[in-house]
Amino acid sequence: MNRFALLTLYRSLTRHKLYAALNVGGLAVGIAVFLVLGLYVRFETSYEKWLPRYNGVYAVQTVWNLPESPFNGAYPWTMGGLLDQMREDFPATVGTRVRGGKGAGNVLRGGIAVTDDVAQVDPSLFEVFDLPMARGNGRDALRTPTNTIISESAARKFFGASDPIGQTLTVGMDSSDAYRVAGVFRDLPKNSDLNFSILLPLPRTPPSETWFHWGSSSLQTFLRFDTPATARAFQQKLGAFVDRRGLKDMGKDASKTQQLRLLPIARMHLEPQGTQSASRKMTVTTLGVVGLLTLLIAIVNYVNLATARAGLRAREVAMRKVLGADRRALVGQFLGEAILTVAIAAIIGLMLAELSLPLVNAAGGLSLTIHYALVAPALVALVLLVGIAAGSYPAMLLSRFPAATVLASARAPGGGRAGNRIREALVVFQFGLAIAFTIGTFVLVSQTRHVRQTDLGFKRDGLLVVRSLADSLIDPAQKSAVVAAIRTLPAVNDITVGNSAVGGSGENNSDNVPLPGVVGPGPSLRWVVVGPRFFDVYASRLIAGRVFDDAHGADDSKPLGKGAPISIVINRRAIPTLGFRSAQDAVGKTVGGDRPRTIIGVIDDMQFFGPREPNSATYYVYSRQPEKAGTAVASIRYTGDPRAMVAAVRSIWQRMVPQVPFDGDTADKWLGEFYEDDDRATRLFAIGAGLAALIGCVGLWGLASFNTARRIKEIGIRKTLGASSADIVRLLVGQFLRPVMIANLVAWPL
């Protein structure tokens, strides 16, 4: 474009400032939404891609296929000793294990323990993950059992400005021990699920008796392969490997029950886990589509306003043709103007994106930033693409005006009936998308509200859950003492202990329950160990029979001999699973084969887990002293201010067991963690949908006002012939309301 063409563009924009502002502003908002949502999609799809040679790293998934099991699906966890057995059968295996991670350990400083992201790893960690080191040699450091390597943030947190190398850190997972800091690695980026800041060597003695038990899961196993073909060849061998190694624990054809699958680490973040649906992947895809469609709405808005204004430049086009300009030159000029207009909108859109990112990060719980080294080339490509896409039709329309007809005409052409129909079709398309977005937003909001307010089968208000009671550093006597001390607090109505609690706290176990007269191992049910008054604390609803109590000595499963029937309580979902017609029919029946279990009561389903976790068939076992039976999570029924209650329990905790960080909060807080992804998606979707609708409304207003201004003489004649102001308003509004109504008819059914 020459300087005369630039001058023409300047005059075109400044002559009709309002419409230029609507044109550029609509595009700028569309580009800003596209940029922000594009940053979100890029962030979510970039997990672990920061690792050098990430393409060769695979996570080993455990895939369960049990009859009617609540745990069917793929999990990123494996048996602790899986890598040892793989190395025995396949000596060339390169792998490592990670046990722990986010909030899995604690650091003792000044006699008080604080929670930190502690993980135990193999010395071979650096053969799989090339973690960038700031100080020391990570490969050598982890070969010494008493060494640790920490992140830069952990070094600043615990040692300030002093040199951390050689200093001692007391870290606890299974036990609290002193470790010598032998290295410092760079902080891991936000787009990583490798959540650790302190790395300890895995103990040479297995930390649990289930370390080599097939069917258990205690850590993550990662393997490295030179090529994808090598990984596929290894995958083919895993079926026979599971059958061979799992024979003792799972019987013949173990691979039919449990499979091992290799998952590229870059896909792990968006892959569904266990029984969860692919909600995160669907959310990312949906928001990416929202960004694209919002940009498309902005492009349509630009085309609409540009074609509406085309008639104003008809005489300019005619004069250029008279002076020798051909159609190709005119198309080039108008395409150039469109690209420059989009470039102006892109700069403004980039500014809007920068200004809005803090708000978007706050609304979505994100940490998005604009990296100009990546964004600038993408923005240039976007300007060219959008400029050509948005400017092609107006350019072809403008360059088509015949010079002689335009100069001889008393009024500038406006595209005729065909042009009006095209603009109406664009309005229908534009508003159809905007209305669909609006409907989708209302649906998302209502679904999210429904999930939060739905009946979970227990009373969630006034309930506090203390997870840290399950820590292995606390002996059973201390657990009992802590429970007794909490019970004396004035605001506490009752307290109970079990190996599971609301929010997914504690253990997650299942086993098969053989049925009388039915061949096979029977259906798989979740089982939970509960202590005294567990169902009273949760205010669960009894359907039939009774719940556990100390008046019935046989309820306690601990002192009973091998083969003696134990009393169990089942939930509503377990009734058909165990083959009973009703709750009353189940009470008094015995199931379980050589491990007999007598059903004494049926309660309503209690949903302790996330909204996407199926409410599975469950049976409950009673223990008078559950804190001595293994994992112990305390559930407290209280009255009054929740913050004061948490503070009072924390005070008792820090006085009695300072070696373990306090981890307790209300049931609403733990449940809220399950809804975070849905809330984030709803907020981001609402932002995109709201701005898309705004672009459409402003664009339609600009189109209406522009066309109205062009029809001043027509309006004057109509008034002269007797039309009132109301008649004129009805005429104009009706003409522009028609495509909006058609858009509603299209969008609502969809």
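Residues numbered from 1 in each chain as written. Predicted model: local features only at pLDDT ≥ 70, side-chain atom pairs only at ≥ 80, totals over all residues. Heavy atoms only, no water.

A.B. asks: Mind showing me how you'd approach the overall build of the chain here?
C.D. replies: Within the chain, the secondary structure is distributed over 22 helices and 24 strands. In the chain, which comprises 750 residues, the share counted as buried stands at 49%. Across the chain, the fraction of contacts at a sequence separation of at least 24, relative to all contacts at a separation of at least 6, is 78%. (Helix = DSSP H or I, 4+ residues; strand = E, 2+ residues; numbered from the N terminus. Buried < 20%, exposed > 50% of the residue type's maximum accessible area, 1.4 Å probe, protein only. Contact = heavy atoms within 4.5 Å.)

A.B. asks: I tried to follow the environment of A686 on my own but got confused; where do I start?
C.D. replies: Along the polypeptide, A686 turns up in helix 20 (residues 667–710). Overall, A686 belongs to the partly exposed group, its relative accessible area being 30%. A686 sits 244 residues away from F442 along the chain, and the two C-alpha atoms are 8.6 Å apart.

A.B. asks: Looking at this structure, how should I read the environment of P521?
C.D. replies: Counting through the fold element by element, P521 comes out in the loop between strand 16 (509–512) and strand 17 (524–530). Separated by 71 residues in sequence, P521 and G592 have C-alpha atoms that sit 9.1 Å apart.

A.B. asks: Sorry if this is basic, but what is going on with empty space enclosed by the protein here?
C.D. replies: A water-sized probe rolled over the atoms picks out the places where empty space is left. As enumerated under the stated definition, the model contains four cavities of 30 Å³ or more in all. Looking at the second largest cavity, its volume works out to about 90 Å³. Within the residue set of the lining of the second largest cavity, elements represented by two or more residues are strand 17 and strand 22 (618–622). Residues belonging to the lining of the second largest cavity are distributed by class as follows: six nonpolar, six polar and one charged. (1 Å grid on protein atoms, 1.4 Å probe; cavity = no way out; pocket = protein on both sides within 12 Å on 5 of 7 lines; lining within 4 Å. Points joined across faces, edges and corners; volume = space filled by probe spheres on them. Nonpolar A, V, L, I, M, F, W, Y, C, P; charged D, E, K, R; others polar.)

A.B. asks: Sorry, what's going on with the pattern of salt bridges here?
C.D. replies: Side chains bearing opposite charge may pair, as long as their charged atoms lie close to each other. Considering all chains together, one arrives at 25 salt bridges under this definition. Through salt bridges with shared partners, a single ionic network connects E88, D89, R244 and R245. (Salt bridge = Lys/Arg side-chain N within 4 Å of Asp/Glu carboxyl O.)

A.B. asks: Explain helix 7 (residues 228–245) here, please?
C.D. replies: For an α-helix, 3.6 residues make a turn, and residues three or four places apart therefore share a direction. Helix length check: helix 7, at 18 residues, gives a terminal C-alpha distance of 25 Å against a target of 26 Å (1.5 Å per residue), a fit within 8%. At L238, helix 7 is deflected by roughly 35 degrees, the largest bend along its length. Those residues of helix 7 that fall on the buried side of the exposure criterion are A231, F234, L238, F241 and V242. The inward-facing, buried residues of helix 7 abut strand 1 (57–64), helix 3 (82–89), strand 10 (220–224), helix 8 (247–250) and strand 11 (258–264). (Expected span 1.5 Å × (residues − 1). Bend = angle between axes of the 7 residues up to and from the residue.)

A.B. asks: Just to check I follow, could you spell out the confidence of the model for the chain for this structure?
C.D. replies: On average, the chain scores 82 in pLDDT, and the residues at 70 or more come to 88%. Averaged pLDDT values over the elements of the chain bottom out at 56 in helix 13 (residues 403–408) and peak at 94 in strand 10. (pLDDT = per-residue confidence, 0-100.)

A.B. asks: Explain a nonpolar patch on the surface here, please?
C.D. replies: A cluster of nonpolar residues, I344, I348, L352 and L355, forms a patch on the protein surface that exposes about 330 Å² of accessible area. Its place among the elements puts I348 in helix 11 (residues 327–364). (Patch = residues over 30% accessible without salt bridge, like charges linked within 9 Å, V, L, I, M, F, W, Y side chains within 5 Å. Areas by Shrake-Rupley, 256 points an atom, 1.4 Å probe, with all protein chains shown as cover.)

A.B. asks: Explanation requested: unusual backbone geometry in the structure shown.
C.D. replies: Backbone geometry follows two general trends: most residues other than glycine have a negative phi, and most peptide bonds adopt the trans configuration. Unusually for a residue other than glycine, E48 sits at a positive phi of about 70 degrees. Tracing the sequence through the fold places E48 in the loop between helix 2 (17–44) and strand 1. The class of E48 is buried, set by a relative accessible area of 1%. Despite not being glycine, A539 shows a phi value in the positive range, around 55 degrees.

A.B. asks: Explain the packing of aromatic side chains here, please?
C.D. replies: Geometry of an aromatic ring pair is reported as the spacing of the ring centres plus the angle between the planes. Tallied over the full model, the rule gives 17 aromatic pairs. What links up through ring pairs into an aromatic cluster is the set F458, F534, F535, Y538, F548, F608, Y620 and Y622. Lying over the aromatic face of W670, R467 brings its terminal NZ or CZ to 3.6 Å of the ring centre. (Phe/Tyr/Trp six-rings, centres within 6.5 Å; stacked < 30°, edge-to-face > 60°. Lys NZ or Arg CZ within 6 Å of the ring centre and 35° of its normal.)

A.B. asks: Any chance you could explain the side chain of T221 here in plain terms?
C.D. replies: As for its placement among the helices and strands, T221 is situated in strand 10. Side-chain polar atoms of T221 contact the side chain of T78, separated by 2.7 Å. (Polar contact = N/O pair within 3.5 Å; in protein donor to acceptor, adjacent residues only side chain to side chain.)

A.B. asks: Looking at this structure, I do not really get helix 19 (residues 642–656). What am I missing?
C.D. replies: The end-to-end C-alpha distance of helix 19, which contains 15 residues, comes to 21 Å, matching closely the 21 Å that a straight helix rising 1.5 Å per residue would cover. Turning to helix 19, its buried residues are M645, V646, V649, I652 and W653. The buried residues of helix 19 occupy an angular sector of 125 degrees when the element is viewed end-on, so they sit on one face. In this structure, helix 19 carries R643 and R655 as exposed residues pointing more than 90 degrees from its buried face. (Arc of directions from axis to C-beta.)

A.B. asks: I keep staring at the pairing of strand 8 (residues 176–185) and nothing clicks. Help me out?
C.D. replies: The side chains of a regular strand alternate between both faces of the sheet. With two bridges joining them, strand 5 (residues 133–135) and strand 8 adopt antiparallel strand pairing. Across the sheet, the residue bridging to M133 is F185, located in strand 8. For strand 6 (residues 147–151) and strand 8, the ladder comprises five bridges, and the chain directions are parallel. Bridge assignment links T148 to a residue of strand 8, and that residue is V181. Where strand 7 (residues 168–172) meets strand 8, five bridges bridge the pair, whose relative direction is antiparallel. Bridge pairing links T170 to A178 in strand 8. Counting the residues that bridge the hairpin from strand 7 to strand 8 gives three residues. (Pairing = 2+ DSSP bridges.)

A.B. asks: Got a minute to help me understand the pairing of strand 17 in this structure?
C.D. replies: Of all seven residues in strand 17, six are buried; the element is thus mostly enclosed. In this sheet, strand 22 lies alongside strand 17 in parallel orientation, the contact comprising five bridges. Bridge pairing in strand 22 places W527 opposite Y619.

A.B. asks: Can you walk me through the packing of helix 15 (residues 476–487) against helix 19 in this structure?
C.D. replies: For any two helices packed against each other, the geometry is given by the interaxial angle and the distance between the axes. Running from N to C, helix 15 and helix 19 point in directions that differ by 145 degrees, and their axes come no closer than 10 Å. Once helix 15 is placed against helix 19, the crossing between them reads as right-handed. Where helix 15 approaches helix 19, its residues Q478, A481, V482, A485 and I486 are matched on the opposing element by V649, I652, W653 and M656. (Axes fitted to C-alpha atoms, helices over the stretch in contact; angles between N-to-C directions. Left-handed = near helix turned anticlockwise from the far one by under 90°.)

A.B. asks: What am I meant to see in the packing of helix 21 (residues 712–720) against helix 22 (residues 725–747) here?
C.D. replies: Look at helix 21 against helix 22: their axes get within 10 Å of each other, and the N-to-C directions meet at 135 degrees. Relative to helix 22, the element helix 21 lies oblique. Handedness of the crossing formed by helix 21 with helix 22: right-handed. From helix 21, E714, I715, R718 and K719 reach across to helix 22, where they touch S725, I728, L731 and L732. Here the contact of helix 21 with helix 22 is composed, by residue class, of four nonpolar, one polar and three charged. (Parallel < 35°, antiparallel > 145°, perpendicular 65-115°, else oblique.)

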